[in-house]
Amino acid sequence: MKIGCPAEITKDENRIALTPSSALELKKLGFECFIEKNAGSNSGFSDQEYLDAGVKVLNSAKKIWETSDVIIKVRNPLQNEIKLIQPKTILISFIWPAQNKDLLGKLNKLNASVIAMDMIPRISRAQKMDALSSMANVAGYRAVIEAGNNFGRFFTGQITAAGKVPPAKVLVIGAGVAGLAAIGTAQSLGAIVRSFDVRPEVAEQIESMGAEFLMLDFPEDASGEGGYAKPASKEFIKKEMTLFKEQASEIDIVITTALIPGRPAPKLWLAEMVKLMQPGSVIVDLAAEQGGNCEFTKPGKIIETENRVKIIGFTDFPSRMAAQSSNLYSNNVRHMLSDLTPNRDGVININMDDDVIRGSTVAHEGNITYPPPPPKIKAIAKVTSNSNQKSPQELEKENYDKERSYGRRQVMLLIIGGFLMFLIGSYAPPSFMQHFIVFVLSCFVGFQVIWNVSHSLHTPLMAVTNAISGIIIIGALLQIGSSNYLVNILASISVLIATINIVGGFLVTKRMLSMFKKS
């Protein structure tokens, strides 16, 4: 099948869905790639680079749409592009079906199969296709750069002969992918970073990056499905606003990232908070495209308030780093196409039984398939109330009973083991018993150590124990040839078991290393 990539015609959109490196990978899947002339120039990719990668460069968008079986884009198609869509075309791009129902209806009438890159389910297997996270990562980084460009001071504190410069104080509202990227960037520049999120489970992530988590003393949990937040109650919002009001006079830079899919951006940084901020402060609103989290935000513009606070409402943060964004997005698309072509033969199979493909397919075979059913595998397992749930006291008693039972078993095993040692010692020579006791104790200690290791560490542990197994083999080989037949048997068994362990360890290590190799 033929994959076509037309130039983006949306104003100020510099990204491209096909890069020379992704085209090379798509060729391995059996696809033939086409791109419109100069489509990648705004992202820093020349036509010659595409030609070197085996991509055919066509002179017009019309030829791309007419020639291709699959169209890959960044932005959703505009009216001029919809006219060019051929029947049964497979379109892969950002669609935003909840906000663009009319567009979805028009695409469905053309019998097009539409895969929305903004609808990728948030499950582990789909992370490599998660274009929203890729772009949010770039946006969060760029937000801090834009803030620094409009902020009149250093981020880091300095003590110089000319005087002392205090570090900038940055507040990041929302600790999703964009928020965490902003936290990491601001922290690396030396700022004092604080962050707030309605989901208490992200506190550990925030603190692990060196930022202070602003805890809201309120019993409500605003965690929603798929790792997103859900709309909060009026009481929660009131408490939240009080917290922001307390922070407003101290903070130099505010970066807001709060969005709930399919809804307008919630207003979090109100006019009264802006008025409390110091002159020269900066607000970067990453939710500007959906109306903004700040009351004064003007999408696509920088404005300055009466008290000289700059509010940045750009809606194209990823596009301002077009080369980086294009590389990430094209890889997301390439991984999606890889899942769509399981046989690597260049023929797309839209398998609606696959969680990822079903979740992202919003129109198929003349039917609108949005919204999708919830994925079989949940992104985040939430604790739900259950009438059968045990109380802390019951759980504590249960654990205590288990420990007592385990202790009794250990004592019984030691008694049985001691009795067996007595029987063997009654007939075996003293020289044998000296080695045998060391062997038994080694087995016992080794079993206790390995048994208590977390399951997640068994794989690297197996690789490390190759060295120990080698020592066992050497010791066993020294015992082979002894005049005592029992010593020979035990030594042979030791060699066999240690050899199996070494071979298994190498195989496991090889599999671990292959996970980090490019296919």
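Look a little higher up for the structure.
Residues numbered from 1 in each chain as written. Predicted model: local features only at pLDDT ≥ 70, side-chain atom pairs only at ≥ 80, totals over all residues. Heavy atoms only, no water.

Undergrad: Teacher, can you tell me more about the overall build of the protein here?
TA: Assigned secondary structure in the protein consists of 17 helices and 17 strands. For the protein, buried positions account for 41% of its 519 residues. Considering only intrachain contacts with a sequence separation of at least 6, the fraction spanning at least 24 residues in the protein is 62%. Accessible area for the protein stands at about 28,500 Å²; split by element, carbon and sulfur atoms hold 59% of it. (Helix = DSSP H or I, 4+ residues; strand = E, 2+ residues; numbered from the N terminus. Buried < 20%, exposed > 50% of the residue type's maximum accessible area, 1.4 Å probe, protein only. Contact = heavy atoms within 4.5 Å. Areas by Shrake-Rupley, 256 points an atom, 1.4 Å probe, with all protein chains shown as cover.)

Undergrad: For this particular structure, what's the right way to read the sheet that holds strand β3 (residues 56–58)?
TA: Strand pairing in a sheet relies on backbone hydrogen bonds. The paired strands run either parallel or antiparallel. Pairing is mixed in the open sheet, where eight strands are placed in the order β3-β2-β1-β4-β5-β6-β16-β17. Unpaired on one side and paired on the other, β3 and β17 (367–368) mark the two borders of the sheet. Judged from the two bridges that link them, strand β1 (residues 2–5) and strand β4 (residues 70–72) form a sheet pairing that is parallel. Looking across to β4, one finds that Ile3 is bridged to Val70. Its contacts with the sheet put helix α11 (residues 322–340) on β1, β4, β5 (90–93) and β6 (113–116), and the angle it makes with β5 is roughly 145°. (Pairing = 2+ DSSP bridges. Axes fitted to C-alpha atoms, helices over the stretch in contact; angles between N-to-C directions.)

Undergrad: For this particular structure, what's the right way to read helix α5 (residues 101–109)?
TA: Every α-helix winds through 3.6 residues per turn, so residues three or four apart in the chain are directed the same way. What α5 keeps buried is the set Leu103, Leu104, Leu107 and Asn108. Axial view of α5: buried residues confined to an arc of 135°, hence all on one face. What points out from α5, more than 90 degrees from its buried face, is the exposed set Asp102 and Lys109. Against α4 (79–82), β5, β6, β16 (361–364) and β17 lie the buried residues of α5. One or two steps after α5, the chain reaches Asn111, where phi turns positive at roughly 60°. (Arc of directions from axis to C-beta.)

Undergrad: What should I look at first to understand the sheet that holds strand β12 (residues 253–256) in this one?
TA: Across the sheet, which stays open at both edges, the seven strands sit in the order β11-β10-β9-β12-β13-β15-β14 with mixed pairing between neighbours. Edge positions in the sheet fall to β11 (212–213) and β14 (302–304), since each has one partner strand and no second. Relative to strand β13 (residues 282–285), β12 is paired through four bridges, and the arrangement is parallel. Note that in β13 the partner of Val254 across the bridge is Ile283.

Undergrad: Would you mind showing me how to read the pairing of β5 here?
TA: Remember that side chains alternate between the two faces of the sheet whenever the strand is regular. Side chains of β5 alternate between two faces, with Ile90 and Ile92 and Leu91 and Ser93 buried alike. As judged from the three bridges shared by β4 and β5, these two strands associate in the parallel manner. Opposite Ile72, over in β5, you have Ile92 as the bridge partner. In terms of strand pairing, β5 meets β6 through four bridges, oriented parallel. Its bridge partner lying in β6, Ile92 is registered against Ile115.

Undergrad: Teacher, can you tell me more about the pattern of salt bridges here?
TA: Oppositely charged side chains can form a pair if their charged atoms are brought close together. This model, assessed by the stated rule, comprises 19 salt bridges. Note that Arg75 is salt-bridged to Glu13, the shortest N-O span being 2.8 Å. On the criterion of sequence distance, the pair formed by Arg75 in the loop between β4 and α4 and Glu13 in the loop between β1 and α1 (20–28) is long-range, its members being 62 residues apart. Given the relative accessible area of 19%, Arg75 is considered buried. A salt bridge links Lys28 to Glu25; the shortest N-O distance between them is 3.6 Å. With Lys28 and Glu25 both in helix α1 and three residues apart, this pair spans about one turn of that helix. The exposed category is assigned to Lys28, whose relative accessible area is 56%. Given the relative accessible area of 22%, Glu25 is considered partly exposed. Beyond isolated ion pairs, a larger network of salt bridges with shared partners links Glu13, Arg15, Arg75 and Glu289. (Salt bridge = Lys/Arg side-chain N within 4 Å of Asp/Glu carboxyl O.)

Undergrad: What is the right way to look at the side chain of Ser22 in this model?
TA: Residue placement: Ser22 occurs in helix α1. Look past the residues within four positions of Ser22 in its chain and what remains in contact with it is Ser330 and Arg334.

Undergrad: Can you walk me through the packing of aromatic side chains in this structure?
TA: Where two aromatic rings form a pair, the distance of their centres and the angle of their planes describe that pair. This model, assessed by the stated rule, comprises seven aromatic pairs. Arranged with centres 6.4 Å apart and planes meeting at 70°, the rings of Phe45 and Tyr50 form a pair that is edge-to-face. The same class applies to Phe45 and to Tyr50, which are both buried. Residues Phe151 and Phe155 carry aromatic rings whose centres are separated by 6.3 Å and whose planes lie at 80° to one another, so their mutual orientation is edge-to-face. Grouping aromatic residues by their ring pairs yields a cluster made of Phe94, Trp96 and Tyr329. (Phe/Tyr/Trp six-rings, centres within 6.5 Å; stacked < 30°, edge-to-face > 60°.)

Undergrad: Would you mind showing me how to read unusual backbone geometry here?
TA: Trans is the common state for peptide bonds, and a negative phi is the common state for residues other than glycine. Of note, the amide linkage connecting Tyr370 to Pro371 takes the cis form, showing an omega dihedral of 0°. Note on placement: Pro371 falls in the loop between β17 and α13 (392–427). One non-glycine residue with positive phi stands out, namely Arg308, at about 60°. Here Arg308 is to be found in the loop between β14 and β15 (310–312). The phi torsion at Glu365 lies on the positive side, around 55°, for a residue other than glycine. Its place among the elements puts Glu365 in the loop between β16 and β17. Taking relative accessible area as the criterion, Glu365 reaches 62% and is therefore assigned exposed.

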